[in-house]
Amino acid sequence: TNTQQRGQTETPKIVSTTTGSCVCQTYKLIWSGHPNVTCEFRKKVVQICKELWPENYLQMANNLMALMHLESAGTFSPKVDNHLDKDSEGYGYVGLIQFGNKAVTELSKIYGKITKKQLVSMSAVQQLDWVKKYFQMHDYYKKVHSFVEMYLIIRDCKIFCVNLIIKHKFTQ
């Protein structure tokens, strides 16, 4: 099956570190060869997806990689700033998933004060913690089962899109 082709039904085997290989390479995530995608980054993406979407974590890890590639303009940089909808410090949408003013405000209310300036000063691996928190916020991750749903959740149309996704699932 497609799931088996992605190795989802099998636990990845530890690859000998004497060859310079790592377990993260057995996941075969998209954009794994990108210069800004480190072994630590890949492991963190898989870890997050195992925690949020355990039944299909590899598919969701690939979806998350695709989303971050798209949103970071192909850079996988936590420092990417599109300069739109700037805050009082001059930051637009920033980071791996392009955190906007609404997202930062909501995250601050739930998880403690965070600013766009703090987000762009983080490493990519550190910022992944905030990516995870974003999907945990309001239980968004429970509504996400595909790349399209993942993409819609991070857009500013959050409430509209979430309601649209829920309505679509229950009317079919």
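Here the structure is shown first, and the text comes after it.
Residues numbered from 1 in each chain as written. Predicted model: local features only at pLDDT ≥ 70, side-chain atom pairs only at ≥ 80, totals over all residues. Heavy atoms only, no water.

A short note on the overall build of the chain
Within the chain, the secondary structure is distributed over 8 helices and 0 strands. The helix and strand sequence of the chain, counted from the amino end, reads α-α-α-α-α-α-α-α. Each of the 172 residues in the chain was classed as buried or not, and the buried ones make up 47%. Taking all contacts inside the chain whose residues are at least 6 apart in sequence as the whole, residues at least 24 apart take part in 54%. Of the roughly 9,200 Å² of accessible surface on the chain, a fraction of 55% belongs to carbon and sulfur atoms. (Helix = DSSP H or I, 4+ residues; strand = E, 2+ residues; numbered from the N terminus. Buried < 20%, exposed > 50% of the residue type's maximum accessible area, 1.4 Å probe, protein only. Contact = heavy atoms within 4.5 Å. Areas by Shrake-Rupley, 256 points an atom, 1.4 Å probe, with all protein chains shown as cover.)

Some points on the nonpolar core
Counting residues in each nonpolar core, the largest one holds 45 residues, and the members touching the most others are Phe41, Met68, Phe99, Tyr134 and Phe135. Taken together, the elements giving at least two residues each to this core come down to helix H2 (39-52), helix H3 (57-71), helix H4 (101-111), helix H5 (116-121), helix H6 (124-136) and helix H7 (147-154). For this core, the element with the highest residue contribution is H3, accounting for 8 residues. Among all residues touching phenylalanine 41, those that are not within four sequence positions of it are Met65, Met68, Phe76, Leu96, Ala124, Val125 and Leu128. (Core = buried A, V, L, I, M, F, W, Y, C linked by side-chain atoms within 4.5 Å.)

What to know about the packing of H4 against H6
At a closest axis distance of 10 Å, the pairing of H4 and H6 adopts a crossing angle of 85°. Between H4 and H6, the crossing angle belongs to the class labelled roughly perpendicular. For the pair H4 and H6, contact is made by Ala103, Leu107 and Tyr111 and by Trp130, Lys133, Tyr134 and Gln136, respectively. (Axes fitted to C-alpha atoms, helices over the stretch in contact; angles between N-to-C directions. Parallel < 35°, antiparallel > 145°, perpendicular 65-115°, else oblique.)

A closer look at the packing of H2 against H3
Closest axis-to-axis distance for the H2/H3 pair is 8 Å, and the angle between their directions is 125°. With respect to H3, the element H2 is oriented oblique. The hand of the H2/H3 crossing is right-handed. Residue-level contacts link Phe41, Val45, Val46, Cys49 and Lys50 of H2 to Tyr57, Met60, Ala61, Leu64, Met65 and Met68 of H3. Classifying every residue of the contact of H2 with H3 by side-chain character gives 10 nonpolar, no polar and 1 charged. (Left-handed = near helix turned anticlockwise from the far one by under 90°. Nonpolar A, V, L, I, M, F, W, Y, C, P; charged D, E, K, R; others polar.)

A look at H7
Those residues of H7 that sit buried are Glu149, Met150, Ile153 and Ile154. Considered in projection along H7, the buried side chains sweep an arc of 130° and stay on one side of the axis. (Arc of directions from axis to C-beta.)

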